[in-house]
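Listed here are the chains, written in short residue letters.
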Amino acid sequence: MRLRLVWVVLKSEYLRRVKRRGYLLSALLVPLIIIVGVAIAGFLGASAETVTKPIAVVDQAGALSSAENLPNPNDVQFVAYPDEEAAIAAVNDGTVDAAFVLAPDYATTRKVTAYSAGDLQRGAQDGFRRYMRWNLAAGLPEDLRARASDEMDLVARSLDGTREMSESTWPNVVIPFIAAMLFFITVIGSASDAVRAVVDEKESRTMEILVTSISPNELMGGKILALFAVGMTQMAAWGVAAAVALIVAKMNIPELSHFQMNWSFLILVLAMFLPAYMITAGLLAAAGAATTELREAQQLATFVTLPSMLPAILSFVILTNPNGLASTIMTLFPLTAPLTVSMRWAFTSIPIWQLVASFVILVASAVGSILLAARVFQAGMLRFGQRLSWQEIRQAVQGGSR
Amino acid sequence: MALVEVQHVSKRFGQMQAVRDVSLEVDQGEIFGLLGPNGAGKTTTIRMMLNIFRPDSGTIIMMGGPMNEDKKARIGYLPEERGLYRELPLLECLVYLAQLKGVEKAAAEKSVRHYLEQLDLAESANKKVKDLSRGMQQKAQIIATVAHEPELLIYDEPFQGLDPVNVRRVKDLMEEQRASGKAIIMSTHQMNQVEALCDRILLVNRGEGVLYGRLADIQSSFAGNAIRVQVEGELGPVPGVLAMHPENGAQRLTLDEHTSPQAVLASLCGRPDLKVLGFEVATPSLDDIFISVVTDASGEVPDLHAAAQEAIT
């Protein structure tokens, strides 16, 4: 294989695709919309969540002996009101954001009634819980009071200690998973373009010039890598947008403030999706070479893309029983492996033998798929009027007849 | 040593014998005509030379050995199935195709611009291919064939879709290429278009070679002893002439075996009652030769323009 020619094909195919208006729109405009959208949502959410005014408290039970505010001046401020009517009037005239009324029998029923002009804000509720704990613990040493009033951070950890998920770090699992799904969709999308790339050459009748200039392997290699690069460029643009959006969101959405990117997971995803891409692109290019019309080729392509989507369709099976037989089979089968591994990774600890076996099968299938594509391509490259029969495809795969 | 040697090559597609026992050689510095009606097996023979198809039997030696990837860059091929990237600007498309033949980008652009100029396409360099007329696309396709300066040029139906002015331009280009020592294989069913151009030919019919050799030798062997004259005045009996019949406003005279065309010319010029307007040795056209060869073989006249589908497509 002459790499210089692969590079010429790669570069030309890449630039031709990237310069298309539709591509520019999806690669640049979509991320821009994401950033602006998150910024606006973050801003609106933040302003909605911020409790700017004090909150009224009516202690009909006499449960709060001191009724003092938390020492942190950024925390919600509470003002004691003598009775329910006064507190409701204060809510109505806007002096306070909300009012919490402890029932006279609070000591036994724990009943508290809240009043607010609109929806009761979560910030007000959380603040009231902290306020209650702080004051119920009055008389204890300061550090104990602080601990009692703070929310706990619950961490769920797998038995071997390799995975954990806590209430504050759930985005660490969910965000990489969403990234993996997006990555998967991009990969399938760019691989699907391999069908078009082959059928296009047939329809434009450039095939005969191409195959008398360079080898089918050089041509297919250049095309498949170019499509991958196109997909990755889009992912990179989206990735940058997502990073910016996250930074913006972290400032405004408290749940995201603990977010840390799980790099080992992303590297695993990348390592699995590259061979997965090669398998898909190879099989789809073969479909393009065997048929003569885009529509027919796309129908054939469904046989490849549908199994790849199977883990998403069967996600409930994987999520409810991430180490079950179905999950294991889908981890080992090359077309379903990447998505299955991404999903299981978040919820269980995958046995190492499964990861290794899955990766080896993936790489071997990728090599096989590219060789298959090159052979079918050689047999079908000059078929303009009539698709290859299954028998011809079989012959081509077995020994190559031209 | 011949640049191309095809020895007893056969190819079958399913029930159809596309090529049967065809042999030919092409040398440097010659234009070789691969001629015959549509569906005769010309394109299949070319595709076997280029290793697009493998022959069922026989041997093909290209530039001293079997065809391989490196030799692709030394060959320029104008396929019968024309096609360029319709969405690309013409210059970019042609430079890309030359780069695939191993030419550096800058050199490719220089060469493409030269040929755009020569074939009167320079003004369309930045137009998209799909916006060019059919004739312009045809010329562009010829540039894609020659821009990398190959040693061997293979043109399949090169004059398809060209007007007479552009046919002349392309013929001039081929003659230049021959003069510079390149070998040219020209495959066409329009035999009248190329008789003046070819040095040697192979005439194929139904997959088989029916006539092979120097064009001049073939024509003279089919000429018989005949002349064509156009005169003002009454021709009357001429010594040494066996038969006389009108042909396209002139008279075709069949001479006896002892009489030479020169003798007849001298005798005609010596007659005061006649004015000789035209005189030529009656060379048969390739179409005539083809018809006579094929009729001899099969007893029926072939349909030269039958729209038979070429081999595989």
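Worth saying up front: this structure is predicted, and the values here are computed from it rather than measured. (Residues numbered from 1 in each chain as written. Chains lettered and ligands numbered in written order. Predicted model: local features only at pLDDT ≥ 70, side-chain atom pairs only at ≥ 80, totals over all residues. Heavy atoms only, no water.)

*Asks:* Quick rundown of the sheet that holds strand β9 (residues 208-214) of chain B? Include the residues and the values.
*Replies:* All names here are of chain B. Strands sit in the order β5-β6-β7-β3-β8-β9 across an open sheet of six strands; the sheet is mixed. One side of each edge strand has no neighbouring strand; the edge strands of this open sheet are β5 (75-78) and β9. Taking each pair of neighbouring strands and ignoring which way they run, the sheet shows an average axis angle of 10°. Here five bridges tie strand β6 (residues 152-156) to strand β7 (residues 183-188), and the two strands are oriented parallel to one another. Bridging across to β7, Ile154 finds its partner in Ile185. (Pairing = 2+ DSSP bridges. Helix = DSSP H or I, 4+ residues; strand = E, 2+ residues; numbered from the N terminus. Axes fitted to C-alpha atoms, helices over the stretch in contact; angles between N-to-C directions.)

*Asks:* Please provide a residue-by-residue account of the nonpolar core, values included.
*Replies:* Judged by nonpolar contacts, the single largest core of 146 residues is most densely connected at Leu97 and Leu152 of chain B. Counting residues per element, this core draws most heavily on helix α10 (residues 263-290) of chain A, which supplies 15 residues. Beyond its immediate sequence surroundings of up to four residues, Leu97 of chain B is in contact with Ile209 and Leu210 of chain A together with Leu84, Tyr85 and Ala144 of chain B. Val57, Phe78, Ala98 and Met132 of chain A belong to the second-largest nonpolar core, a separate cluster that totals 15 residues. (Core = buried A, V, L, I, M, F, W, Y, C linked by side-chain atoms within 4.5 Å. Buried < 20%, exposed > 50% of the residue type's maximum accessible area, 1.4 Å probe, protein only. Contact = heavy atoms within 4.5 Å.)

*Asks:* Could you give an account of the packing of helix α2 (residues 90-100) of chain B against helix α3 (residues 105-118) of chain B, naming the residues involved and the relevant values?
*Replies:* Residue and element names in this part refer to chain B. Remark: α2 packs on α3, axes separated minimally by 9 Å, with the N-to-C direction vectors making an angle of 125°. Judged by the inter-axis angle, α2 sits oblique to α3. Considering how the two elements wind past one another, α2 and α3 form a crossing that is right-handed. Taking contact as the criterion, the partners of Leu90, Leu91, Leu94, Val95, Ala98 and Gln99 in α2 are, on α3, Lys105, Ala108, Glu109, Val112, Arg113 and Leu116. The residue inventory of the contact of α2 with α3, partitioned by class, reads eight nonpolar, one polar and three charged. (Parallel < 35°, antiparallel > 145°, perpendicular 65-115°, else oblique. Left-handed = near helix turned anticlockwise from the far one by under 90°. Nonpolar A, V, L, I, M, F, W, Y, C, P; charged D, E, K, R; others polar.)

*Asks:* Could you give an account of the domain arrangement of chain A, naming the residues involved and the relevant values?
*Replies:* Here chain A is described as being made up of domain 1 (3-36 + 168-398) and domain 2 (55-152). For domain 1 of chain A and domain 2 of chain A, the distance between their C-alpha centres works out to 54 Å. (Domains from an automatic or database assignment.)

*Asks:* Hey, could you go over the interface of chain A and chain B for me, with residue numbers and the actual values?
*Replies:* Contacts between the two partners involve 26 residues from chain A and, on the opposite side, 29 residues from chain B. Buried surface at the junction of chain A and chain B, summed over both partners, amounts to about 2,700 Å²; 53% is from carbon and sulfur atoms. The closest approach of N and O atoms between Asp70 of chain B and Arg2 of chain A, which form a salt bridge, is 3.7 Å. Our count for the contact surface shared by chain A and chain B stands at nine residue pairs in polar contact (both at pLDDT 80 or more). The set of elements that each furnish at least two residues to the side of chain A that touches chain B consists of α1 (3-18) and α8 (207-211) of chain A. Here the element with the most residues in the side of chain A that touches chain B is α1 of chain A; it accounts for six residues. Per-class residue counts for the side of chain A that touches chain B are 10 nonpolar, seven polar and nine charged. (Buried area = accessible area lost by both parts, 1.4 Å probe. Salt bridge = Lys/Arg side-chain N within 4 Å of Asp/Glu carboxyl O. Polar contact = N/O pair within 3.5 Å; in protein donor to acceptor, adjacent residues only side chain to side chain.)

*Asks:* Could you give an account of the pattern of salt bridges, with specific residues and numbers?
*Replies:* Applying the stated criterion to the full structure yields 29 salt bridges over all chains. We note a salt bridge from Lys72 of chain B to Glu69 of chain B, for which the minimum N-O separation is 3.0 Å. The partly exposed category is assigned to Glu69 of chain B, whose relative accessible area is 28%. With a shortest N-O distance of 3.8 Å, Glu247 of chain B and Arg252 of chain B are connected by a salt bridge. Taken together, the shared-partner salt bridges connect Arg2 and Glu218 of chain A together with Glu69, Asp70 and Lys72 of chain B into one network.

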